[in-house]
Amino acid sequence: GLGMIVFTCILGQLTTQVNASHCMIDFINNYFALFTLYTAMAVEFSGVMHSSYLIQNVLSMVSGKPIQSNEEPKSGFTFIFFWGRVLMSLAILGFCLAVTLSALFNGQTQMAVKYPNVPNGVSVFLFFFFMAIVGMLEGMQIAFFAVAKLPAEERGNSFFAKKTCDLLFKGNGENLPGFMIGRQLTVVFSFFLVASITGLNITPGEGENIFGVSDGAQAFLNYGFQGAVITTILASITWQLAASAFPMAFLNNPVTYILLCIALFLEWTGLSAGAWVLARLMKKATKIQYDEVYVGTPEERIANGRADKEFGDDVGHLAGGGFVGHACGSHDALDGPIRSKDALEAKVVATSSKDALDQA
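Cut-offs and rules
- Residues numbered from 1 in each chain as written.
- Predicted model: local features only at pLDDT ≥ 70, side-chain atom pairs only at ≥ 80, totals over all residues.
- Heavy atoms only, no water.
- Helix = DSSP H or I, 4+ residues; strand = E, 2+ residues; numbered from the N terminus.
- Buried < 20%, exposed > 50% of the residue type's maximum accessible area, 1.4 Å probe, protein only.
- Areas by Shrake-Rupley, 256 points an atom, 1.4 Å probe, with all protein chains shown as cover.
- Expected span 1.5 Å × (residues − 1).
- Axes fitted to C-alpha atoms, helices over the stretch in contact; angles between N-to-C directions.
- Contact = heavy atoms within 4.5 Å.
- Nonpolar A, V, L, I, M, F, W, Y, C, P; charged D, E, K, R; others polar.
- Bend = angle between axes of the 7 residues up to and from the residue.
- Core = buried A, V, L, I, M, F, W, Y, C linked by side-chain atoms within 4.5 Å.
- Parallel < 35°, antiparallel > 145°, perpendicular 65-115°, else oblique.
- Left-handed = near helix turned anticlockwise from the far one by under 90°.
- Phe/Tyr/Trp six-rings, centres within 6.5 Å; stacked < 30°, edge-to-face > 60°.

**A short note on the overall build of the protein**
Stage number 1. Assigned secondary structure in the protein consists of 17 helices and zero strands.
Stage number 2. For the protein, buried positions account for 38% of its 360 residues.
Stage number 3. Accessible surface for the protein amounts to roughly 20000 Å². Of this, 66% is attributable to carbon and sulfur atoms.

Below you can see the structure in the form of structure tokens.
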């Protein structure tokens, strides 16, 4: 229901995202962040999602843009091991699609339980429809950040590209974070629906196991991992890579403008406004600091001969084309202006010197 969607969005995502976007150094300076990294690396090493790399290479060839990587070209055993996992991932993805579509056409998913009046064919359509919505929102995030650094005249000349950019970057660009909040609500809502669509409703041991698999295998499929594999690859990573390679194509799409309006409306309703309050409370409780406290402001880094490194174009990279530029976060209006650690120490020294002179 709506309550679970808002609860998940605020507590499970937006609260931490608000703080992490400004306090990246402190946010990763703990063992849980290290544990999360190792878990993610283990999942990647397993090769379950390696078909994403095939999509990455295809998009790189189509767009003519090279893949940014610090790794040496693969050869020998590394080459075989990598592409072997790609083939394994394609087989897993194909099996997951076969299981999900077969269950949908046969009315063996949670859709038949929660929404018994919805025909099986409509369930199949909704499955692809909401995956496309999630994919568009994932791609829009990448495309918006990719064009944010471009001059206005280089953001596209089509009608919808201009409309989208005018709305997104209106004023001081306040609609960009607004889109991120509304986007998160829409994505969580769509994922909840996709979970209902892909979740199996088959009791092992009753002779209805899908494809005649064993009861143990059926019990495993009932956990819904096949839906997670499908949505991660086809509704998330693929669209992010496509937007990274072709950001202007997303801006020229009228669906982009429509989804932007919907996301901004959801943010305007205030359903997720509580994330700002919780983020402030979390920041005070954990005593995390802005990144500038440790590394200084961009101006101070330039003055010290340590200007931010401008990352190259990472189009086609799994990190997404939008995540380029400065690595340091910035402050927001919640805490007012902030100073770097060097500036604070300089202020203390200046104050102490002034006090000493006054006493003299």
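There is more to say after this.
**Here's the deal with helix α9 (residues 175-198)**
Stage number 1. With 24 residues, α9 should reach 34 Å at 1.5 Å per residue; the first-to-last C-alpha distance of 33 Å fits that figure.
Stage number 2. With 18 of its 24 residues buried, α9 lies for the most part within the structure.

**So, the packing of helix α5 (residues 76-105) against helix α7 (residues 120-148)**
Stage number 1. α7 packs onto α5 with a crossing angle of 145 degrees between their chain directions and a minimal axis gap of 8 Å. Here T100, L101, L104 and F105 of α5 come into contact with α7, specifically with N120, S123, V124, F127 and F128.
Stage number 2. Tallied by class, the residues present in the contact of α5 with α7 amount to six nonpolar, three polar and no charged.

**Observations regarding helix α1 (residues 2-22)**
Stage number 1. For α1, which comprises 21 residues, the first-to-last C-alpha distance of 29 Å matches the rise-based estimate of 30 Å (1.5 Å per residue) to within 8%.
Stage number 2. The largest bend along α1 measures about 35 degrees and falls at I10.
Stage number 3. Along α1, the positions that sit buried rather than exposed are I5, V6, C9, I10, L14, T15, V18, N19, A20 and H22.

**A closer look at the nonpolar core**
Stage number 1. Formed by 24 residues in total, the largest nonpolar core has its most connected members in L137, M140, F144, L168, F179 and L260.
Stage number 2. Of all the secondary structure elements, the ones that give two or more residues to this core are α7, α8 (159-168), α9, α12 (247-251) and α13 (254-269).
Stage number 3. Of all the elements, α7 adds the most residues to this core, at eight residues.
Stage number 4. If you look at the next biggest cluster of nonpolar residues, it comprises 16 residues, including F127, F130, V134 and L193.

**Here we look at the packing of helix α4 (residues 51-63) against helix α11 (residues 225-245)**
Stage number 1. The N-to-C vectors of α4 and α11 enclose an angle of 25 degrees; their axes lie 10 Å apart at closest approach. In terms of orientation, α4 lies roughly parallel with respect to α11. In this structure, α4 crosses over α11, and the sense of that crossing is right-handed. Seen from α4, the contacting residues are S51, S52, I55, Q56, L59 and S63; seen from α11, they are I233, I237, T238, L241, A242 and A245.
Stage number 2. Class assignment for the residues of the contact of α4 with α11 results in seven nonpolar, five polar and no charged.

**Some details on the packing of aromatic side chains**
Stage number 1. Under the counting rule described, the total for this entry stands at 17 aromatic pairs.
Stage number 2. Here the aromatic rings of F45 and F81 are separated by 5.8 Å at their centres, their planes lie at 50 degrees, and the arrangement is tilted. Taken together, the residues span a long stretch of sequence, with F45 in helix α3 (residues 31-46) and F81 in helix α5 at a distance of 36 residues.
Stage number 3. For the pair F160 and Y257, a centre-to-centre distance of 6.4 Å together with 55 degrees between the ring planes defines the contact as tilted.

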